[in-house]
Amino acid sequence: MTAASVISRRSLFALGAGAALAASAPKAWAQAAAPAAPAGPFTLPKRAYEANALEPHIDAATMDIHYNRHHAAYVAALNAAAKDNGRIAKASVEALLAELNHLPESVRTVVRNNGGGHANHTMFWEVMGPNAGGAPSGEVAAAITRDLGGFDKFKADFEAAGLKVFGSGWIFVTVDKAGGLALLPQPNQDSPLMSGRKVLFGNDVWEHAYYLKYQNRRADYLKAWWNVVNWPKVEERYAAARAGKLAI
């Protein structure tokens, strides 16, 4: 056997082994397959864009895991609870959160955590989009100037409030029926709907929302997030809130 043939066979073996390893290597997206959700009244909303559409600001793997694992788990838990409780099965998530303190104590925590998670994330996917960012215009811009000190001050205050959330939580902009805006940080998956407030938009500052790309640099994530805010959609939500038609 010649040296050339030995090298050739070794090369083929190496290529074959490499191909086998590549084929068997786990992929981030494959690991993020959605858990099977019990059938029920609550469903995972369809995003208007693909997982990679918000790159480079939010990476595809994070979006996929966030949507198909975390949000899907909240929906699954709500549907599981609805099987044993007709009141949960018959109510919308916004109604459940608004009436949280009137629910049986045995289901209150399940609804708070998973109903809040479902409502918060449904809003979250809606107010982001590709080719977005920039500054608001129209009525939202006027309201930010009137109530929150102008866009630059508002952004700085929003980021500062997001950084101050200890552990996991959200930073929201709430809106009342008259169109007044306010900043509201919340822990865990608590929703402003629990205190009778409507959400204009907000950002998720749980580590699962940013850790794969930004690690512990929450400040960098908060700054980058402005590049994916869908201001026309926020404007739609603002009009709906003023008309009393904004649900989640």
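Relevant structure appears above.
It should be emphasised that the depicted structure is a prediction, and the values quoted were computed from it without experimental measurement.

About the cut-offs
Residues numbered from 1 in each chain as written. Predicted model: local features only at pLDDT ≥ 70, side-chain atom pairs only at ≥ 80, totals over all residues. Heavy atoms only, no water. Phe/Tyr/Trp six-rings, centres within 6.5 Å; stacked < 30°, edge-to-face > 60°. Helix = DSSP H or I, 4+ residues; strand = E, 2+ residues; numbered from the N terminus. Buried < 20%, exposed > 50% of the residue type's maximum accessible area, 1.4 Å probe, protein only. Lys NZ or Arg CZ within 6 Å of the ring centre and 35° of its normal. Pairing = 2+ DSSP bridges. Axes fitted to C-alpha atoms, helices over the stretch in contact; angles between N-to-C directions. Contact = heavy atoms within 4.5 Å. Arc of directions from axis to C-beta. Core = buried A, V, L, I, M, F, W, Y, C linked by side-chain atoms within 4.5 Å. Salt bridge = Lys/Arg side-chain N within 4 Å of Asp/Glu carboxyl O. Parallel < 35°, antiparallel > 145°, perpendicular 65-115°, else oblique. Left-handed = near helix turned anticlockwise from the far one by under 90°. Nonpolar A, V, L, I, M, F, W, Y, C, P; charged D, E, K, R; others polar.

Before going further, it helps to examine the packing of aromatic side chains. Scanning the model with the defined rule gives 20 aromatic pairs in all. Each ring, one from Phe158 and one from Phe201, has its centre 6.1 Å from the other, and the planes form 20 degrees; the classification is stacked. One end of the pair, Phe158, is in helix α8 (residues 151-164); the other, Phe201, is in strand β3 (residues 198-204), with 43 residues separating them in the sequence. For the residue pair Phe158 and Phe201, the accessibility class agrees, reading buried in each case. Above the plane of the ring of Trp125 lies Arg47, whose end atom (NZ or CZ) is 5.9 Å from the centre. In this structure, Lys213 is placed above the aromatic ring of Tyr214, and the distance from its NZ or CZ to the ring centre is 5.7 Å.

Read from one edge to the other, the open sheet built from three strands follows the order β2-β1-β3, with strand pairing classed as antiparallel. Every other strand in the sheet has two partners, leaving β2 (181-187) and β3 as the edge strands with one partner each. With direction set aside, neighbouring strand axes in the sheet form an average angle of 25 degrees. Sheet analysis places strand β1 (residues 169-175) next to β2, joined by seven bridges and oriented antiparallel. Residue pairing in the sheet places Thr174 in a bridge with Ala182 of β2. Contacts between α8 and the sheet are confined to β1, β2 and β3, with β1 contributing the most and set at about 140 degrees to the helix.

Attention now goes to helix α7 (residues 138-148). If you check which residues of α7 are buried, you get Val140, Ala141, Ala143, Ile144 and Leu148. An end-on view of α7 places all buried positions within 160 degrees of arc, on one side of the element. Projecting away from the buried face of α7 at angles above 90 degrees are the exposed residues Gly138, Thr145 and Arg146. Directly after α7, the chain includes Gly149, whose backbone phi takes a positive value near 85 degrees.

The next point concerns the nonpolar core. Residues Met128, Phe154, Leu181, Phe201, Trp225 and Trp231 are the most contacted members of the largest nonpolar core, which totals 64 residues. Discounting residues that sit within four places of it in the chain, Phe154 has contacts with Ile144, Leu148, Val173, Leu183, Phe201, Trp226 and Trp231.

Evaluation of the coordinates by the stated rule reveals nine salt bridges. Between Lys223 and Glu159 there is a salt bridge, and its shortest N-O distance comes to 2.9 Å. Of this pair, Lys223 sits in helix α10 (residues 218-225) while Glu159 sits in helix α8, and the two are 64 residues apart along the sequence. Note that Arg217 and Asp220 form a salt bridge whose closest N and O atoms lie 3.0 Å from each other. The exposure class assigned to Arg217 is partly exposed, which follows from its relative accessible area of 36%.

Once that is clear, we can look at the pairing of β1. Summarising burial for β1: seven of the seven residues are buried, a large majority. Here β1 hands over to β2 after five residues, with Gly179 in that stretch at a positive phi of 95 degrees. Pairing analysis gives six bridges linking β1 to β3, with the strands arranged antiparallel. By the bridge assignment for β3, Trp170 is matched with Asp204.

Running from N to C, helix α3 (residues 60-84) and helix α6 (residues 105-126) cross one another at 140 degrees; their axes reach a closest spacing of 9 Å. What the angle tells us is that α3 and α6 run oblique. Where α3 crosses over α6, the handedness of that crossing is left-handed. Between α3 and α6, the contacting residues are Met63, His66, Tyr67, His71, Ala73, Tyr74, Val75, Ala77, Leu78 and Ala81 on the first element and Val110, Val111, Asn113, Asn114, Gly115, Gly117, His118, His121, Thr122, Phe124 and Trp125 on the second. Classifying every residue of the contact of α3 with α6 gives twelve nonpolar, nine polar and no charged.

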